[in-house]
Amino acid sequence: MAPLPHAFQGTVTINGSPAPVGTEVSNLSIQPAEVQPRHFPREMLRRVPYYDRGCAAGMPMGYVMVLSNGEVNPCMLLQIKLGNIREQSIISIWENSPVLAELRQRESLKGECRNCSYKVTCSGCRGRAYEETGDMMAADPGCWLAPELIKENEKQYERLVSE
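What you see is a predicted model; the values in this text were computed from it and never measured.

*Asks:* So what exactly am I meant to see when it comes to the sheet that holds strand β5 (residues 65–66) here?
*Replies:* What links the strands of a sheet is backbone hydrogen bonding, and the strands pair in either a parallel or an antiparallel sense. The sheet built from three strands is open, its strands ordered β5-β6-β7 with antiparallel pairing. Looking along the sheet, the strands with just one partner apiece sit at the ends: β5 and β7 (83–84). In the sheet, β5 pairs with strand β6 (residues 71–73) via two bridges, with the strands oriented antiparallel. Residue Val66 lies in a different strand from β6, and its bridge partner there is Val72.

*Asks:* When you look at the packing of aromatic side chains in this model, what are you seeing that I'm missing?
*Replies:* In this description, an aromatic ring pair is defined by two values, namely the gap between the centres and the angle between the planes. The full count for this structure, using the stated rule, is zero aromatic pairs. Over the aromatic face of Trp94 sits the side chain of Arg104, whose NZ or CZ is 4.7 Å from the ring centroid.

*Asks:* I keep staring at the side chain of Asn84 and nothing clicks. Help me out?
*Replies:* Structurally, the position occupied by Asn84 is in strand β7. Exposure remark for Asn84: the relative accessible area of 7% places this residue in the buried category. At 3.2 Å, the side chain of Asn84 forms a polar contact with the backbone oxygen of Asn69. Excluding residues within four positions of it along the chain, Asn84 makes contact with Asn69, Gly70, Glu71 and Ile93.

Rules and cut-offs
- Residues numbered from 1 in each chain as written.
- Predicted model: local features only at pLDDT ≥ 70, side-chain atom pairs only at ≥ 80, totals over all residues.
- Heavy atoms only, no water.
- Pairing = 2+ DSSP bridges.
- Helix = DSSP H or I, 4+ residues; strand = E, 2+ residues; numbered from the N terminus.
- Phe/Tyr/Trp six-rings, centres within 6.5 Å; stacked < 30°, edge-to-face > 60°.
- Lys NZ or Arg CZ within 6 Å of the ring centre and 35° of its normal.
- Buried < 20%, exposed > 50% of the residue type's maximum accessible area, 1.4 Å probe, protein only.
- Polar contact = N/O pair within 3.5 Å; in protein donor to acceptor, adjacent residues only side chain to side chain.
- Contact = heavy atoms within 4.5 Å.

What follows is the structure in structure tokens.
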């Protein structure tokens, strides 16, 4: 089977085993596996806001999302209003938002994310944590790295399938 035009060269592993064909590959798994992009230099990945730095919502070299009504949120998945660019400057929101200040403090992560060895290069999805728990700094409930969360996710999946 010929590789897709956007495919990466190399072998991707999950917990030491080859990943099944069609497995979604994140930047987190690309870097340790030393997978090389085929159609652009690896150095260009450093230009992607979250590559090798985890969740980029509100982070230095990261981003915020501005909606058409001017509302500013940390991310399209983390729907917490930071302000509105029609009422204050984006610079003021970026520099003075208590929500962004908290997101920038990786030591404030909770649960599995707090002690995870991938805290800096991943930090979990803060939007998913917020939607599931109401706490943007909680452990990412969709984590595929933390064994305890993987077991819980598998239990939830089995319950859904058996219903």
